[in-house]
Structures are given as C-alpha cells and as structure tokens.
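# Close look at the chain arrangement
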Amino acid sequence: LAVGASKATIDEVAAAVAGAAVMVAMDNCPHQCVAVGPTHLVANVESALAERGVISERLPFKRPYHTPLFEPYMGAFRELFAGVPFAVPHTPVYCCSTGAKFPADPAAIRDLAVNHWVMPVEFTRMVESMHADGVRLF
C-alpha cells in the first residue's frame, strides 16, 4: 500500500488495526511510505488511513519486498551472491537499509546488499545522514 503519510503515522495506524502484521517496507520521504502485510490487514490499514483523510493506493504486486516476510525467497538469492566479489568503494556509498555508509569490510557490504531485500528501505534516514555528513548533491 503506497501511502501519502509519514512512517510514524503508518506505524500508529497499523498498530491500532493490524498489530505488527503490517509494517512500513519503504520510508521514501516524510510524506510517502509503502506498507506491507497480509491483504486483509492492509485493507484495515487502508480504511483507517482513509478515515483520517490520508491518500493511499494499492500497489499491483503481492511480494513482501523489504520486510522479513521476504525471507522464504532469500536462499537462492544468497547463493547467487555468495561468489560475487565485493570491495570497498573509492567513494562513500550510503545504504538505504541502514541510513548509514556501507561498512569497510567487503563481507559486511555483501551482507547488507543481499539482505536489503528483507530489511526496510530507510531512504529518509539515509538522506538525513548524507545531509548531516555534508552531502549536498547526489
């Protein structure tokens, strides 16, 4: 469910009508997130948001990307990347799973890159970290 609201708003509404079963998978900016969960509980969140006047739209796929619910699909994906060499980049690269710079260890870089599929996108936090580090253009 694409939602025109903050992560805090979605977390609050989801906790009230769906417990921990609906979660923010993508925090894209302060006013746009994507919530994921079982269809019937996402419908509850959608209705509760509509009652508050919050705009939302169902997305045309049913894959729980960027949540722990995607874990059952990860085996082959992890195998695929097991032999791919990773190296420390010349230029700092920020991870939108953590909001911070990627670590300096190639194995840790691989772990974050691969596990990005089961971790929420923290794009808002990443941009805030970049700004705090002095990045002004990207």
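Our subject in this report is the structure included herewith. (Residues numbered from 1 in each chain as written. Predicted model: local features only at pLDDT ≥ 70, side-chain atom pairs only at ≥ 80, totals over all residues. Heavy atoms only, no water.)

### Some details on the packing of helix 1 (residues 7-18) against helix 2 (residues 39-51)
Relative to each other, helix 1 and helix 2 sit at 120°, their axes nearing to 9 Å. Judged on the interaxial angle alone, helix 2 and helix 1 are oblique. Here helix 1 and helix 2 pass one another in a crossing that is right-handed. Note on element contacts: helix 2 touches helix 1 through Leu41, Asn44, Val45, Ala48 and Leu49, opposite Thr9, Val13, Ala14, Val17 and Ala18. Of the residues that constitute the contact of helix 1 with helix 2, the class distribution is eight nonpolar, two polar and no charged. (Axes fitted to C-alpha atoms, helices over the stretch in contact; angles between N-to-C directions. Helix = DSSP H or I, 4+ residues; strand = E, 2+ residues; numbered from the N terminus. Parallel < 35°, antiparallel > 145°, perpendicular 65-115°, else oblique. Left-handed = near helix turned anticlockwise from the far one by under 90°. Contact = heavy atoms within 4.5 Å. Nonpolar A, V, L, I, M, F, W, Y, C, P; charged D, E, K, R; others polar.)

### Structural notes on helix 4 (residues 106-115)
Burial in helix 4 covers these residues: Ile109, Leu112, Val114 and Asn115. For helix 4, the elements touching its buried residues are helix 3 (74-82). (Buried < 20%, exposed > 50% of the residue type's maximum accessible area, 1.4 Å probe, protein only.)

### Some words on the nonpolar core
Counting residues in hydrophobic clusters, the biggest one holds 17 residues, and the most contacted among them are Leu1, Val3, Ile10, Val22, Val45 and Leu49. Elements represented by at least two residues in this core include exactly helix 1, strand 3 (32-36) and helix 2. For this core, the element with the highest residue contribution is helix 2, accounting for five residues. Contact partners of Leu1, with chain neighbours within four places excluded, come to Cys33, Val34, Ala35, Val42, Val45, Glu46, Leu49, Ser56, Glu57, Arg58 and Leu59. (Core = buried A, V, L, I, M, F, W, Y, C linked by side-chain atoms within 4.5 Å.)

### A short note on unusual backbone geometry
With a phi close to 60°, His66 is a non-glycine residue in the positive phi region. Looking at the element boundaries, His66 is found in the loop between strand 4 (56-57) and helix 3.

### Some thoughts on the pattern of salt bridges
This structure, assessed with the given rule, holds five salt bridges. In this structure, Lys7 engages Glu122 in a salt bridge whose closest nitrogen and oxygen atoms are separated by 3.4 Å. A residue pair is termed long-range when its members are at least 10 positions apart, and Lys7 in helix 1 and Glu122 in the loop between helix 4 and helix 5 (123-132) qualify at 115 residues. Under the relative-accessibility criterion, Lys7 is labelled partly exposed at 29%. Here Arg78 makes a salt bridge to Glu71, at a shortest N to O gap of 2.6 Å. Given a relative accessible area of 31%, Arg78 falls into the partly exposed group. Relative accessible area serves as the criterion here: at 36%, Glu71 is assigned to the partly exposed category. When salt bridges with common partners are traced through the structure, they connect Lys7, Glu122 and Arg125 into a single cluster. (Salt bridge = Lys/Arg side-chain N within 4 Å of Asp/Glu carboxyl O.)

These values are about where atoms sit, not about what they do.
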